[in-house]
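What the coordinates show
What follows is each chain in one-letter form.
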Amino acid sequence: IVIGSTASVGHNCSILHHVTLGGSGVKGEKRHPTVGDGVLLGAGATVLGNVTLGQGSQVGAGTLVIQDLPSHCVSVGVPGRIIGQIVDVTEQPSVGMNQMIEGNSHMVTFESEGI
């Protein structure tokens, strides 16, 4: 796990192996990600720059996040795209560690081209 010097990680987050919270931009400014409470970062996920991952969101394995991610949504791919939204906003994906999309009654999925 690599966590940059200006990164901020919220409470109850689950960060799996090979995750990078990396920086971009000018030294001396906030250049690393801010991770909200209850976020699940899948294995090999990379989050670059001064972006915010909203609370209760989920980032799939191997995903590259370079833009802000709203609360309670699911992002996958390179670059990351939002493919679903978690219905129960009190749920924290980091607690249940449920990484399955099919059969998950707590998530609404969207169709997305190329995924």
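Here, every reference points to the structure presented above.
Here goes a summary of the coordinates provided. (Residues numbered from 1 in each chain as written. Predicted model: local features only at pLDDT ≥ 70, side-chain atom pairs only at ≥ 80, totals over all residues. Heavy atoms only, no water.)

**Some points on the environment of Cys-73**
Worth spelling out the cut-off: Each helix is a run of H or I in the DSSP string that is no shorter than four residues. Each strand is a run of E no shorter than two, and both are numbered from the N terminus. Contacts are residue-level and defined by heavy atoms, with any inter-residue pair within 4.5 Å sufficient.
Positionally, Cys-73 belongs in strand 11 (residues 73-76). Taking C-alpha positions, Cys-73 is 9.0 Å from Gln-55, a pair spaced 18 residues apart along the chain. The contact partners of Cys-73, leaving out residues within four places of it in the chain, are Gly-56, Ser-57, Gln-58, Ile-82, Gly-84, Gln-85 and Ile-86.

**Here we look at the nonpolar core**
Just so we agree on the cut-off: To qualify as a nonpolar core, a set must consist of buried Ala, Val, Leu, Ile, Met, Phe, Trp, Tyr and Cys residues joined through side-chain atoms within 4.5 Å. Relative accessibility under 20% of the residue-type maximum defines a buried residue, over 50% an exposed one, and the middle range a partly exposed one, all with a 1.4 Å probe and only protein chains included.
Ranked by size, the top nonpolar core spans 13 residues in total, and within it Leu-21, Leu-41, Val-47, Leu-53 and Val-59 carry the most contacts. Leave out the neighbours within four places in its chain, and Leu-21 touches Val-2, Ile-3, Gly-4, Ala-7, Val-9, His-32, Pro-33, Val-35, Leu-41 and Val-47.

**With respect to the sheet that holds strand 4 (residues 20-22)**
Within a sheet, adjacent strands bond to each other through the backbone by hydrogen bonds, running parallel or antiparallel. Note the cut-off: In this analysis, strands are considered paired if DSSP registers two or more bridges between them.
Here we have four strands laid out as an open sheet, ordered 1-4-7-10, and parallel in their pairing. In this open sheet, the two edge strands, each paired with only one partner strand, are strand 1 (2-3) and strand 10 (64-65). Of the strand pairs in this sheet, strand 4 and strand 7 (residues 46-48) are connected by three bridges, and their pairing is parallel. By the bridge assignment for strand 7, Leu-21 is matched with Val-47.

**With respect to the sheet that holds strand 5 (residues 34-35)**
The strand order across the open sheet formed by three strands is 2-5-8, and the pairing between neighbours is parallel. Each edge of the sheet is formed by a strand with only one pairing partner; in this case those strands are strand 2 (8-9) and strand 8 (52-53). Of the strand pairs in this sheet, strand 2 and strand 5 are connected by two bridges, and their pairing is parallel. Paired with Val-9 across the two strands is Val-35, which belongs to strand 5.

**Considering the environment of Gly-60**
Considering the arrangement of structural elements, one finds Gly-60 in the loop between strand 9 (58-59) and strand 10. For Gly-60, a relative accessible area of 16% puts it in the buried group. C-alpha separation for the pair Gly-60 and Gly-44, spaced 16 residues apart in sequence, amounts to 8.6 Å. With sequence-adjacent residues up to four places away left out, Gly-60 is seen in contact with Gly-42, Ala-45, Ser-75 and Val-76.

**Thoughts on the pairing of strand 11**
Burial of strand 11 is two-sided: the residues Cys-73 and Ser-75 facing one way and the residues Val-74 and Val-76 facing the other way are all buried. Alignment of strand 9 against strand 11, held across two bridges, turns out to be parallel. Residue Gln-58 lies in a different strand from strand 11, and its bridge partner there is Val-74. Direction of pairing for strand 11 relative to strand 12 (residues 81-86): antiparallel, over a ladder of four bridges. Residue pairing across strands places Ser-75 opposite Ile-82, the latter belonging to strand 12.

No statement about biological role is implied by the geometric values presented.
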